[in-house]
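Fold and contact review
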Amino acid sequence: MSYDGDDPAGLVVEQLNTFAFVMDYVEFGFNGPVLKALTNPVVESGGRHYRFPESGSRDALCPLIGSDVSALVIKEDDRIELVLKGERTLTIPLDRASRRRIEAAHYLPAASDGSLRVADMLIW
């Protein structure tokens, strides 16, 4: 982990190396830190949009594993957008209409030993 794990902007140049479907949210791992989408994430690839859990969305998520993050945009009350190599985008909606609960996303930084620092979690 060659980034400042406290700041989600440090995910730029990191690799998306895992994702997991957990009951009612999707979790994305980046060699330590974890970004949880509590709203339905959207993948844009090849000019098409795939919103989880709609048809085709799981297939659109799978090829993202191993992709490097080339840019990160956080627009409060709108979205977290990760631009991945290969002209693909992963978006976590933050707007009120997309929320199923009060929170829309969590960012859990990782310690140098790889453990998650839950006490330092960022919440949107």
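Right, let's walk through the structure included here. (Residues numbered from 1 in each chain as written. Predicted model: local features only at pLDDT ≥ 70, side-chain atom pairs only at ≥ 80, totals over all residues. Heavy atoms only, no water.)

Take the overall build of the protein chain next. Each helix and strand counted, the protein chain has one helix and 10 strands in total. Across the protein chain, helices and strands are ordered from the amino to the carboxyl terminus as β-β-β-β-β-α-β-β-β-β-β. Against the 2.2 N^0.38 benchmark of 14 Å for 124 residues, the protein chain shows a C-alpha radius of gyration of 13 Å, consistent with a compact globule. A burial count over the protein chain gives 43% of its 124 residues as buried. A separation threshold of at least 6 residues defines the contact pool for the protein chain, and within that pool the share at least 24 residues apart is 46%. Total accessible area on the protein chain stands at roughly 6500 Å², and carbon and sulfur atoms take up 50% of it. On the protein chain, the mean spot of the 13 positive side-chain charges and the mean spot of the 19 negative ones are 6 Å from each other. (Helix = DSSP H or I, 4+ residues; strand = E, 2+ residues; numbered from the N terminus. Rg over C-alpha atoms; globule rule 2.2 N^0.38 Å. Buried < 20%, exposed > 50% of the residue type's maximum accessible area, 1.4 Å probe, protein only. Contact = heavy atoms within 4.5 Å. Areas by Shrake-Rupley, 256 points an atom, 1.4 Å probe, with all protein chains shown as cover. Lys, Arg positive; Asp, Glu negative; His and termini not counted. Charge placed at Lys NZ, Arg CZ, Asp CG, Glu CD.)

Our focus in this paragraph is the nonpolar core. Ranked by size, the top nonpolar core spans 26 residues in total, and within it Phe28, Phe30, Leu35, Leu61, Ile80, Leu82 and Leu90 carry the most contacts. Among the elements that take part in this core, strand 7 (residues 79–84) stands out by supplying three residues, more than any other. (Core = buried A, V, L, I, M, F, W, Y, C linked by side-chain atoms within 4.5 Å.)

The step from Phe52 to Pro53 runs through a cis peptide bond, and the omega angle for that step is 5 degrees. Despite not being glycine, Val13 has its phi angle at roughly 80 degrees, a positive value. By secondary structure assignment, the location of Val13 is in the segment before strand 1 (18–22). Assessed through its relative accessible area of 60%, Val13 is described here as exposed. Positioned with a positive phi, Asn31 is a non-glycine residue whose angle comes to about 55 degrees.

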